[in-house]
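# Report on the structure
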Amino acid sequence: MSLETEVEALRKVPLFRGIDETKLRLLAFISDRVEYRQGERLCSQGEEGDSAFIILKGAADVVVNTPDGERAVAQVSENSIVGEIAILCDVPRTATLVAACDMDVLTVSKDDFLKMLKEFPEMSLEVMRTLALRLERTTRDLAAARSGAAA
């Protein structure tokens, strides 16, 4: 995949909406492109988060540890960024990511991701929006699960 193709793919990620091409080119340049095969782990719950993942092609299952073993709770696909919570909050990975099919992923190191947020405030705003939407969805799902358990 060429730099131009990566920039085109980054343009489709909602988090980078409104980011100009020069900044997207910089992000693509400082990122590492990694291929994952179906069943491979991108990261594991509990480990230190040293990078974020931008999914260019494919999908990954979001898996969490439960008392009954690992359980898939969601799936992330093309044009998604994941793994940023561990970077932003300095907490261990909150979930395991497992390739649901063959994937092309850009990995952005913690240092580079944080530099981009500092240099480009509009990107920080999009990160906040993305996290707020995830929190709202998680809260709604939790409320639904609790009301279903109470019934």
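Structure report, in brief. (Residues numbered from 1 in each chain as written. Predicted model: local features only at pLDDT ≥ 70, side-chain atom pairs only at ≥ 80, totals over all residues. Heavy atoms only, no water.)

## Here we look at the sheet that holds strand E1 (residues 32-36)
To keep things clear, this is the line we draw: Pairs of strands are assigned from DSSP output, requiring at least two bridges between the strands. Strands here are runs of E lasting at least two residues and helices are runs of H or I lasting at least four, both read from the DSSP assignment and numbered beginning at the N terminus. Whenever a helix is involved, its axis is fitted only over the stretch in contact; in every case the axis is a line through C-alpha atoms, and angles between N-to-C directions fall within 0 to 180 degrees. In what follows, residue pairs with any heavy atoms lying within 4.5 Å of each other are defined as contacts.
Taken in spatial order, the 4 strands line up as E1-E8-E3-E6 in an open sheet, and their pairing is antiparallel. Looking at strand neighbours, the two that pair on one side only are E1 and strand E6 (80-82), the edges of this open sheet. In this sheet, adjacent strand axes meet at a mean angle of 30° when their direction is disregarded. For strand E3 (residues 51-57) and strand E8 (residues 103-109), the ladder comprises 6 bridges, and the chain directions are antiparallel. Residue Phe53 lies in a different strand from E8, and its bridge partner there is Thr107. Across the sheet, helix H1 (residues 3-11) lies against E1, E3 and E8, angled at about 100° from E3, the strand it touches most.

## Side note on H1
At 3.6 residues per turn, the α-helix brings residues three or four places apart onto the same side. Applicable threshold: Only protein chains enter the accessibility calculation, which uses a 1.4 Å probe. A residue is then buried if its area is under 20% of the maximum for its type, exposed if over 50%, and partly exposed in between. Relevant arc is that of directions from the helix axis to the C-beta atoms, nothing else.
Those residues of H1 lying buried are Glu6, Val7, Ala9 and Leu10. For H1, the arc enclosing every buried residue in end-on projection is 160°, short of the 170-degree limit, so these residues lie on one face. Looking at the packing, one finds that the buried side of H1 touches helix H2 (21-30), E1, E3 and E8.

## Regarding the sheet that holds strand E5 (residues 69-77)
On the basis of which strands lie adjacent, the open sheet formed by 4 strands has the order E2-E7-E4-E5 and antiparallel pairing. In the strand order of this sheet, the two ends are held by strand E2 (41-43) and E5, each with one partner. Put simply, the sheet's adjacent strands are angled 30° from each other on average, direction ignored. Pairing analysis gives 4 bridges linking strand E4 (residues 59-66) to strand E7 (residues 96-99), with the strands arranged antiparallel. Bridging from a neighbouring strand, Val63 pairs with Thr96 of E7.

## Regarding the pattern of salt bridges
Basically, it comes down to this: Salt bridge, as used here: a side-chain nitrogen of Lys or Arg that lies within 4 Å of a carboxyl oxygen of Asp or Glu.
Applying the stated criterion across every chain, the model contains 15 salt bridges. With a closest N to O distance of 3.0 Å, Glu21 and Arg11 form a salt bridge. Linking Glu21 in helix H2 with Arg11 in helix H1, this pair joins segments that are 10 residues apart in sequence. A salt bridge links Arg37 to Asp102; its shortest N-O distance comes to 3.4 Å. Of this pair, Arg37 sits in the loop between E1 and E2 while Asp102 sits in the loop between E7 and E8; the two residues are 65 residues apart in sequence, bridging distant segments of the chain. Using a relative accessible area of 43% as the deciding quantity, one classes Arg37 as partly exposed. Classification of Asp102 as partly exposed rests on a relative accessible area of 38%. Through salt bridges with shared partners, one network takes in Glu4, Glu8, Arg11, Glu21 and Arg25.

So far we have only geometry, and geometry alone does not tell us how the molecule works.
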